[in-house]
Amino acid sequence: MNELSTISLINKHNSTRLRLVKDKHCSYDAEDDLHIVEIKNRRSYYPTKMIEAMKLFANYQKAQLKNKFFIYVVTDEKGLYTFNISKHIDTIIASGLVKKEQPSKTDFKGSKTIIKYYYNLDEELSSFTYPQ
């Protein structure tokens, strides 16, 4: 899946009117009048989803400033998981920050590794799951 097909699926199953953001350097992928949405399309299934700490805090703050909810969507081979970060921010932060050495870029072999900080999101925090 890509961002556009993910947005279409979300809009089909919800009362949202999400649209892709025009700025390719924006820290989130889509928005409507009530939400800003970051989308991660994963190739493999993992029961615990990850969100980078920088992205979590930047988008949570932007959502507050825009008076919107920050929604994080993860797709994988099993389905679509939607997390209302604004609703669960305290639980997420209480789960603890994770530090891990990872490639600096997702799809580039031989890329430099850097330390990344992220939070784990348990599937139980997802508001809804749709099989793809």
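Placed above this text is the structure.
Residues numbered from 1 in each chain as written. Predicted model: local features only at pLDDT ≥ 70, side-chain atom pairs only at ≥ 80, totals over all residues. Heavy atoms only, no water.

**Student:** It is not clear to me how the overall build of the protein chain should be interpreted in this structure. Could you clarify?
**Tutor:** Helix and strand content of the protein chain: three helices and nine strands. The N-to-C order of helical and strand elements in the protein chain reads α-β-β-β-β-α-β-β-α-β-β-β. At 14 Å, the protein chain has a C-alpha radius of gyration in line with the 14 Å of a compact globule built from 132 residues. In terms of principal-axis extent, the alpha carbons of the protein chain reach across some 40 × 30 × 30 Å. Out of the 132 residues in the protein chain, the part that is buried amounts to 38%. In the protein chain, of all internal contacts separated by at least 6 residues, the share reaching a separation of at least 24 is 56%. Accessible surface, the protein chain as shown: approximately 8,500 Å² in total, 51% of it carbon and sulfur. Counting 21 positive and 16 negative side-chain charges, the protein chain places the averaged centre of each group 5 Å from the other. (Helix = DSSP H or I, 4+ residues; strand = E, 2+ residues; numbered from the N terminus. Rg over C-alpha atoms; globule rule 2.2 N^0.38 Å. Buried < 20%, exposed > 50% of the residue type's maximum accessible area, 1.4 Å probe, protein only. Contact = heavy atoms within 4.5 Å. Areas by Shrake-Rupley, 256 points an atom, 1.4 Å probe, with all protein chains shown as cover. Lys, Arg positive; Asp, Glu negative; His and termini not counted. Charge placed at Lys NZ, Arg CZ, Asp CG, Glu CD.)

**Student:** Would you take a moment to explain helix α1 (residues 3-13) for this structure?
**Tutor:** Along an α-helix, residues three or four positions apart point the same way, because every turn accommodates 3.6 residues. Listing the buried residues of α1 in full gives Thr6, Ile7, Leu9 and Ile10. Around the axis of α1, the buried residues are gathered within 160° of arc, so they sit on the same side. Exposed residues lying more than 90 degrees from the buried face of α1 are Leu4 and Lys12. Next to the buried residues of α1 lie β1 (19-20), β2 (30-31), β3 (35-41), β5 (69-76) and β6 (79-84). Its side-chain oxygen 3.1 Å from the backbone nitrogen of leucine 4, asparagine 2 forms the N-cap of α1. (Arc of directions from axis to C-beta. Polar contact = N/O pair within 3.5 Å; in protein donor to acceptor, adjacent residues only side chain to side chain.)

**Student:** How should the packing of aromatic side chains be read in this particular structure?
**Tutor:** Geometry of an aromatic ring pair is reported as the spacing of the ring centres plus the angle between the planes. All chains considered together, the criterion is met by two aromatic pairs. Look at phenylalanine 57 and tyrosine 119: their rings are 6.0 Å apart centre to centre, the planes differ by 80°, and that puts the pair in the edge-to-face class. Here phenylalanine 57, found in helix α2 (residues 53-65), pairs with tyrosine 119, found in strand β8 (residues 113-122); they are 62 residues apart in sequence, far enough to count as distant. What makes phenylalanine 57 partly exposed here is its relative accessible area of 37%. Taking the relative accessible area as the measure of exposure, tyrosine 119 reaches 6% and is therefore buried. (Phe/Tyr/Trp six-rings, centres within 6.5 Å; stacked < 30°, edge-to-face > 60°.)

**Student:** When you look at the nonpolar core in this model, what are you seeing that I'm missing?
**Tutor:** The tendency in soluble globular proteins is for nonpolar side chains to be buried as a group. Residues Ile51, Leu56, Tyr72, Phe83, Ile85, Ile92 and Leu121 are the most contacted members of the largest nonpolar core, which totals 18 residues. Of all the secondary structure elements, the ones that give two or more residues to this core are α2, β5, β6, α3 (85-94) and β8. Setting aside anything within four residues of it in sequence, one finds isoleucine 51 in contact with Leu56, Phe70, Tyr72, Ile85, Tyr118, Tyr119 and Leu121. Listed in part, the 10 residues of the second largest apolar core include Ile10, Ala30, Val73 and Leu80. (Core = buried A, V, L, I, M, F, W, Y, C linked by side-chain atoms within 4.5 Å.)

**Student:** So what exactly am I meant to see when it comes to the packing of α2 against α3 here?
**Tutor:** Angle between the axes and distance between the axes are the two parameters that describe a pair of packed helices. Put simply, α2 and α3 touch, their axes get as near as 11 Å, and they point 140° apart. Considering the angle they form, α2 stands oblique to α3. Where α2 crosses over α3, the handedness of that crossing is left-handed. Along the contact surface, α2 presents Leu56, Phe57 and Tyr60, while α3 presents Ile85, Ser86, Ile89, Ile92 and Ile93. Each residue belonging to the contact of α2 with α3 can be placed in one class, and the counts come to seven nonpolar, one polar and no charged. (Axes fitted to C-alpha atoms, helices over the stretch in contact; angles between N-to-C directions. Parallel < 35°, antiparallel > 145°, perpendicular 65-115°, else oblique. Left-handed = near helix turned anticlockwise from the far one by under 90°. Nonpolar A, V, L, I, M, F, W, Y, C, P; charged D, E, K, R; others polar.)

Interpretation in functional terms is not warranted from these geometric data alone.
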